[in-house]
Amino acid sequence: MSHFEILSILLVAIGAGVMLDPIATGMRIRARVPAHLRPRWLLLIWLMGFFLVGYLLYIASMLNRWPLPLDLVTGVIFAGGAFFVLRVISLSRVTIDETRLKNQKLEGEIQERIERERKQKRYEKGMETLDQELRELILAAGDKPVVLHALCAALKRVLVADLALLPLLEEDGAAFVYQEAIGHKSDMVRGERLPLEAGGLCGMVFTSGKTVCMADLKSCPHAQQDLVEALEVSTALVAPLWNEGKVIGGLSVFRGKTPFDDIDTQLLTLFAQRASILLQNMNLLMELEERVADRTAELHAQNKLLEQIISHIPSSVFWKDDASVYRGCNPRFADMIGLDDPADICGKSDYDLPWPRQIADKFRLESAQVIRDASDVLLEDVVDFDAAGEPRYSLSSRIALRDTDSHVTGVLGIIDDITDRKRAEQVIASEHSFLQNVIDGVVDPTYVIGLDYKIRLMNSAARQNVPRQLNQNDEALCCYQVSHQQETPCDGQDHPCPLRQVRDTGEAATVVHQHRMSDGALRSFELLASPLWDDSGQLTGIIESARDITDRLKVEKDLRENEKHLEFLAHHDSLTGLPNRLLLNDRLRHAMANASRTRQRIALLFIDLDRFKNINDSLGHELGDELLKEVAKRLHGSLREPDTLARMGGDEFVVILERIKSPQEVSMVARKLLECFTRSFLLDGHEVFTTASIGICLYPDDGTEVKDLMKSADVAMYRAKASGQNNYQFYKSEMNARTHDRLLLENGLRKALDEDQFQLYYQPQLNITTGQLIGMEALLRWQPPGERMVMPGEFIPLCEETGLILPISDWVFRAACLQLRHWQEQGLDPIRLAVNISALQFNQPTFLDTIDCIVAETGVDPAFLELELTESATMDNIEMTVEVLNKLKRRGFNLSIDDFGTGYSSLNYLQRLPINKLKIDRSFLRNVDVDNDNASIATSVIALAHSMRMEVLAEGVETVEQVRFLVDHGCQLGQGFLYSRPVTAEQMEKIIRAQKILI
């Protein structure tokens, strides 16, 4: 072989060896190649392998191992090389395309990042401008128009707008006014008033409470196109202003061409939020300034009043500091020491005043003693003698003045001339001696008693009745100690206090007391008490004389018993003991007169026994009389205490019902009377059944005279008999129609409960000093389909009469618990919910079981429930009430007394009840700032609650004056229309989230 061939084989071998490295490397890194390029990459490796085979064939041909044509070998090598280059170029193109796409995507991301950074810088710059504008607004806050103008100007600058508007809603929310406008053609809209429904974008924002951005006003259906064209604007941005959870206005900006974007929307929303806070703070600041001004004026008036009081005090008054230097005096003291002007005394000592040295020493020592000992001094002195030689007396006092830390800061001196009083006391003593001699001549025991029940004077006859264990000369001896040997004044019907009667009426009073004599006998005395007046017409006590009337009373008692027996026989039925026709007519006339005066109704029920004649004839008159007696007992037991049951004669009875509220109430009584005859009568071994027919008439509907009413009731009774007996009928068909309507209402209530027509509304309860929400009360409403909402006062009384109040009350408690649990599941802060408990519901034997079942069913915590009971519900059975309330308290419920002050609670029983809160009835808050009676009652209830360590909450708070009264008297909790009317659950949820209501 030639050298050239050897060199050629060597070069081809080196090329084949070098080819092994990329093949091995390609196989190693194939797993890191993207998935979509792996098939091409593998094909490239195979081509490289094909190229390697060509090299090996060439070497074999050159070494004559295989007789292969050189052209074939060369073709294989070149074909493999060509395909290899083609695949490399193909892969390079794909790589270049992918790189270009990546670069394009990277460029897009860079542009987006640049745009975000630009918006961020713009937002930060807007925020910086917004903060600066708000700081300037806060610093420049003055009256409201100035603030609104500055706010609108700041809005225009921050949003770079052509026109900025500031619309505010009116109080009723029906319309709004553009209070301020700044910018292009702003004069066209400033001060304009628009109804809410025609308010365009502003009206939509006020209704929805959301920020609205409109890029093209001409295509907006809500925009006012005529106003858009006039103002030459094309894009708008509107955000609401808030106050206490309510929209009160808005901020509006407009541009002629450049649309608003998200940054503008965020800036305006944030601007509106901070502007809302600014306006709220401005309102609070204005209110605070008004209060400070009012308090300053009040203090100024008090100082002026104090100066006038001191100037007009009839005593001589002066005051010093702790160095015994005078700081002031009144005109009377200045005249006493010889100064022309009270102001001349300021800064002087006792030795600088124009009076004798001994008086200066005396005043100096007295002041020093008070300052040193921090104690008050009272001195009575003989000053000098007048021209007639009579002594003159003075009463002087020195009182230590203290600061808030009880440190003595000075002395207050008061000097009174008591000469006239001393002389009057001497005259009184002389007159007292003369009067004692006079009354000792009176035979009957006579006393002069002061308003403090102490005996000022008594005659010799009275001294004989003083118990031996008492000292007759004791000046602290009281009348009740002498007469009844007790330590408290007389009281009650058995021992009425004559002094109290004279003090209440200002007139003489006569009462009868029983006194235990020294021999143990009980005697009756007639006490005649006459008022004792002083010269100024003021009552100072009574003059009481006692006369023994024991024997006279015994004679009068015997006479009255005889007269009473005769009177009873004349006006009562001898068989049944019931009132007869004569007494019935008298009581009916009296009832008619009361009903006419009070504009009330009375009902007359004429009762006739069915088939009584058959019973009387078959069993005899004696058993008939026994039947009438038993009927009278049953009828009487079915009536109220004030009702009248009379026997007209035979088998006829009459009932008078006074103070009836409705015909339905009469119907209930009639049904109750008919139930008396459902049980048989057992008469001398005979079981007798009978029924009755009842005729009913009403005064004044069916007559204004006794005979007319009796006739109407009698006609109605016969109608009842004609209708099948054992029933009742009203005299007029109209009354039956009204009864039918009442029954329809009752059926409607039953249907309402079945069809879920009831709703619960909620009224917030707040701390009236801070506006902080502390609770709420659940209130029942009835919404019949397609009709007006029915308030509780229209249907609750009927529910209580018919017993429907029981299922309705259970529904209310369950619905309230479910709503409370729903709010808690929503993540709202726990808040106390008050639920009213009816008296009938509370007195049910299963009351506690029902409450436990509902609480377990709903899963609410009793600590967040407050059960409200009325005074009447708690006082019906006090022992049962205490037991049930203690069980509720142990379960964790909060308890309160609703409408406190309208019932008849006993304080002795009230303190036994585990009550957390008393609620002042709304009737006591009406005109509380001018009605002294209501103010006194409200103040007493607040003081009572505090003394018993109870919370006190005022209902029906409607005016700021009521709030001030309550806060001044220590009541910090309240609810009422001033803060919120009863609202739906959705509205209440917003209030709970706000946690505060401000007025």
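Each remark here, short or long, concerns the structure printed above.
What comes next is a walk through the structure. Along each chain, the written sequence defines residue order, and numbers are assigned to residues from 1. It should be noted that, the model being predicted, local features are given only for residues of pLDDT at least 70 and side-chain atom pairs only at 80 or more, the latter also being counted only at that level, while totals for whole chains, interfaces and linings use all residues. Water and hydrogen atoms play no part in the side-chain values, which are based on all heavy atoms of the structure.

Turning next to the side chain of Ser896. We count a stretch as a helix when DSSP gives it H or I for four or more residues in a row; a strand needs E for two or more, and each element gets its number in order from the N terminus. With respect to the element layout, Ser896 can be found in strand β28 (residues 894-900). Whether two residues are in contact is decided by their heavy atoms: any pair within 4.5 Å suffices. Sequence-distant contacts of Ser896, defined by excluding residues within four places in its chain, comprise Glu866, Leu867, Glu868, Leu869, Ile915, Lys917 and Lys919.

The next thing to look at is the packing of aromatic side chains. Only the six-membered ring of Trp is used, alongside the rings of Phe and Tyr, when aromatic pairs are assigned; centres must lie within 6.5 Å, and planes under 30 degrees apart are stacked while those over 60 apart are edge-to-face, with the rest tilted. In this structure the tally under the stated criterion is 16 aromatic pairs. Taking the centre distance of 5.2 Å and the plane angle of 85° together, the rings of Phe176 and Phe206 count as edge-to-face. Of this pair, Phe176 sits in strand β2 (residues 175-183) while Phe206 sits in helix α5 (residues 200-208), placing them 30 residues apart in sequence. Considered together, Phe176 and Phe206 belong to a single accessibility category, that of buried residues. Consider the rings of Trp782 and Phe795, whose centres lie 5.6 Å apart with planes at 80°: the pair is edge-to-face. Here Phe795 lies in helix α21 (residues 792-802) and Trp782 lies in strand β25 (residues 772-782), a separation of 13 residues in the sequence. We note that Trp782, like Phe795, is buried. Following the ring pairs from residue to residue traces out a cluster consisting of Phe318, Tyr326, Phe333, Trp355 and Phe363. Of note, Lys422 hangs over the ring of Tyr393, and the distance from its end group to the ring centre comes to 5.7 Å. We count a charge as sitting over a ring when the NZ of a lysine or the CZ of an arginine lies within 6 Å of the ring centre and within 35 degrees of the ring normal. Between the NZ or CZ atom of Arg781 and the centre of the ring of Tyr761, over which it lies, the distance is 5.8 Å. Remark: exposure states derive from per-residue accessible area (1.4 Å probe, protein chains only) relative to the maximum for the residue type, with buried under 20%, exposed over 50%, and partly exposed in between.

DSSP calls a pair of strands paired once it identifies at least 2 bridges connecting them. Taken together, the three bridges between strand β7 (residues 316-321) and strand β8 (residues 326-329) define a ladder with antiparallel strand orientation. Each residue of the ladder has a partner; that of Lys320, found in β8, is Tyr326.

Another aspect to go through is the nonpolar core. Here the nonpolar core consists of buried residues drawn from Ala, Val, Leu, Ile, Met, Phe, Trp, Tyr and Cys, with membership extended through side-chain atoms lying within 4.5 Å. Ranked by size, the top nonpolar core spans 79 residues in total, and within it Tyr762, Phe813, Leu833, Leu888, Phe893, Leu966 and Met988 carry the most contacts. Looking at this core element by element, the count peaks at nine residues for helix α22 (residues 805-825). Excluding residues that lie within four positions of it along the chain, Met988 makes contacts with Tyr762, Pro764, Leu773, Met776, Trp823 and Val983.

It is worth spelling out unusual backbone geometry at this point. Cis rather than trans, the peptide bond between Tyr699 and Pro700 has omega equal to 10°. Note that Pro700 resides in the loop between β22 (691-699) and α19 (706-722). For Lys185, which is not glycine, the phi dihedral falls at a positive 55°. Relative to the elements of secondary structure, Lys185 occurs in the loop between β2 and β3 (193-195). Classification of Lys185 by relative accessible area gives partly exposed; the value is 31%. For Ala374, which is not a glycine, the phi torsion comes out positive at approximately 55°.

Basic side-chain nitrogens of Lys or Arg form a salt bridge, by our definition, when they fall within 4 Å of a carboxyl oxygen of Asp or Glu. Inspection of every chain in the model, using the stated rule, returns 34 salt bridges. When the shortest N-O distance is used, the salt bridge between Glu989 and Arg993 registers 3.0 Å. Residue Glu989 and its partner Arg993 are located together in helix α30 (residues 985-994), separated by four residues, close to a single helical turn. A relative accessible area of 19% means that Glu989 is categorised as buried.

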